[in-house]
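# Examination of the molecular architecture
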Amino acid sequence: MINYLMRRNDWTKEIFDSIDWDAHESYLTKLPYLKAVKVIKYIHDWQNTGAQKKLFDSKRDEPEHQPHEYQCPMKCGSRETAQHFLRCEKVNTTAEMKRVLDSLRKWFHRANTNQVLTTTIMYCITSWLQFGEQPNMTRINIDDESNKDQIIRAVEAQSVIGWDQFFKGRISKYWGDIQQSHYDKERSSPSHNLKKYHDQAWWTTNIIKQVVYIALNAWQIRNDKLHEDKKKNTYNAERIRLHTEVQKWYDCEGEFGDKDHHRQFSKTYIDSKNSTNAALKIWTRAVHSTHTYMKKQETYQNQARITTFAH
Ligand SMILES: [Zn+2]
């Protein structure tokens, strides 16, 4: 397996060893069976993309399909290579990209992630997702930061492994080291608000979960478009309706007061979208009633104010 991965990804033994495999495995082993099947298919590019179809046809040696079949089903005009959906502008519309990046930023914040680490990873993945570029560290100013050298070393290591690989949960070992030093430093302060589970292993497992979910979310959007006819299937139709509702609520997340916000938006957008239909139904109903109640309260307060003025 190691040889297969090295050959397939053009990795030397040194690059292979620089990947945080413990975190990768810890993430995979925590997945429920059906989710694991999906994730493993994605990680190994076994999804049914144009690139896969092409490979299949070339083995059959029958020019049966027309080349247009390998085009991206979103009709963006590009050929559909294995990870194209992650960067296809028709999948990742401006609005969806904003939701996804906000979701990730929120996770970093909740996980008490080092600020420089957050800024750096957000910058790196945004340049890769939106422009397909390797990060150019002169574009973000971290010169005065105490962990600057470690950060730059991590970015370089990840660029060698590949930023596409980052989205498959193959992350550099350095990221977790940087975050662990941050947790250590925080813990030395008596007023810290870290939980017992906050450590390198927890952080790396969960950042992998977040980025893999981002990829699966994009894959789902691509599939919904490709199989528009299957939307008639009740489960899918309901899922699409629920996802639209999830988007709507996350877009107006800011309208909720602190307490309601804490209660209803404890999951990130990406986590919510990956929940089951049953869980989403319960959640959207709860948010809806909180929102209705909130709006009613506002109306009462306004009426009370008007009444006070009238007297
Ligand atoms: Zn496309």
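Residues numbered from 1 in each chain as written. Predicted model: local features only at pLDDT ≥ 70, side-chain atom pairs only at ≥ 80, totals over all residues.

## As for the overall build of the protein chain
When helices and strands are tallied, the protein chain shows 16 helices and zero strands. On the principal axes, the C-alpha backbone points of the protein chain span a range of 85 × 55 × 35 Å. The 311 residues of the protein chain split such that 25% are buried. Within the protein chain, residue pairs in contact and separated by at least 24 positions form 66% of the contacts whose partners lie at least 6 positions apart. (Helix = DSSP H or I, 4+ residues; strand = E, 2+ residues; numbered from the N terminus. Buried ≥ 20, exposed ≤ 12 C-beta atoms within 10 Å, placed from the backbone. Contact = placed C-beta atoms within 7 Å.)

## Overview of helix α8 (residues 115-131)
For α8, with 17 residues, the first-to-last C-alpha span of 24 Å sits near the 24 Å given by 1.5 Å per residue. Of the positions making up α8, those classed as buried are Leu117, Thr120, Ile121, Cys124, Ile125 and Trp128. Projected down its long axis, α8 shows its buried positions confined to an angular sector of 115 degrees, all on one face. Immediately downstream of α8, the backbone of Gly132 shows phi near 65 degrees, a positive value. (Expected span 1.5 Å × (residues − 1). Arc of directions from axis to C-beta.)

## A short note on the domain arrangement of the protein chain
Think of interface size as the accessible area that goes away when the parts come together; that is how it is often given. In terms of domain boundaries, the protein chain breaks down into domain 1 (2-44 + 88-205) and domain 2 (227-310). Placing the centre of domain 1 and that of domain 2 at their C-alpha centroids yields a distance of 30 Å. Facing the six residues of domain 1 at the interface are five residues of domain 2. For the side of domain 1 that touches domain 2, the per-class residue count stands at two nonpolar, one polar and three charged. (Domains from an automatic or database assignment. Nonpolar A, V, L, I, M, F, W, Y, C, P; charged D, E, K, R; others polar.)

## Structural notes on unusual backbone geometry
A positive phi angle, close to 55 degrees, is found at Asp10, a residue other than glycine. Structurally, Asp10 is set in the loop between α1 (2-9) and α2 (13-17). Residue Asp10 is classed as exposed on the basis of its 8 C-beta neighbours within 10 Å.

## Overview of the nonpolar core
Nonpolar side chains in soluble globular proteins tend to be buried together. Ile171, Ile208, Val211, Val212, Ile214, Ala215 and Ala218 are the most contacted members of the largest nonpolar core, which totals 45 residues. The residues touching Ala215, leaving out its near neighbours within four places in the chain, are Tyr42, Leu86 and Phe167. (Core = buried A, V, L, I, M, F, W, Y, C linked by C-beta atoms within 7 Å.)

## A closer look at the environment of Asn217
Position of Asn217 relative to the elements: it lies in helix α12 (residues 200-226). Ignoring anything within four residues of it in the chain, the contact list for Asn217 reads Val100, Ile270 and Lys273.

## So, the environment of Val155
Within the secondary structure layout, Val155 lies in helix α9 (residues 148-161). Of the residues examined, Val155 has 23 C-beta atoms within 10 Å and is grouped as buried. Distance in space between the C-alpha atoms of Val155 and Ile121 is 8.3 Å, their sequence separation being 34 residues.

## Overview of the packing of helix α4 (residues 33-43) against α12
The N-to-C vectors of α4 and α12 enclose an angle of 85 degrees; their axes lie 11 Å apart at closest approach. Between α4 and α12, the angle falls in the class roughly perpendicular. Taking contact as the criterion, the partners of Lys38, Val39 and Tyr42 in α4 are, on α12, Val212, Ala215, Leu216 and Trp219. Broken down by class, the residue content of the contact of α4 with α12 amounts to six nonpolar, no polar and one charged. (Axes fitted to C-alpha atoms, helices over the stretch in contact; angles between N-to-C directions. Parallel < 35°, antiparallel > 145°, perpendicular 65-115°, else oblique.)

## Quick word on the environment of Trp128
Here Trp128 lies in helix α8. The sequence separation of Trp128 and Leu86 amounts to 42 residues, and the corresponding C-alpha distance is 9.8 Å. Those residues in contact with Trp128, other than ones at most four positions away along the chain, are Glu133 and Trp163.

## So, the confidence of the model for the protein chain
Summary statistics for the protein chain give a mean pLDDT of 89 and a share of 92% for residues scoring 70 or more. Highest mean pLDDT in the protein chain belongs to helix α11 (residues 173-187) (97); lowest belongs to helix α5 (residues 50-60) (66). In the predicted structure, residues 62-68 sits below a pLDDT of 50 and forms three contacts with residues beyond four places in sequence or in another chain. (pLDDT = per-residue confidence, 0-100.)

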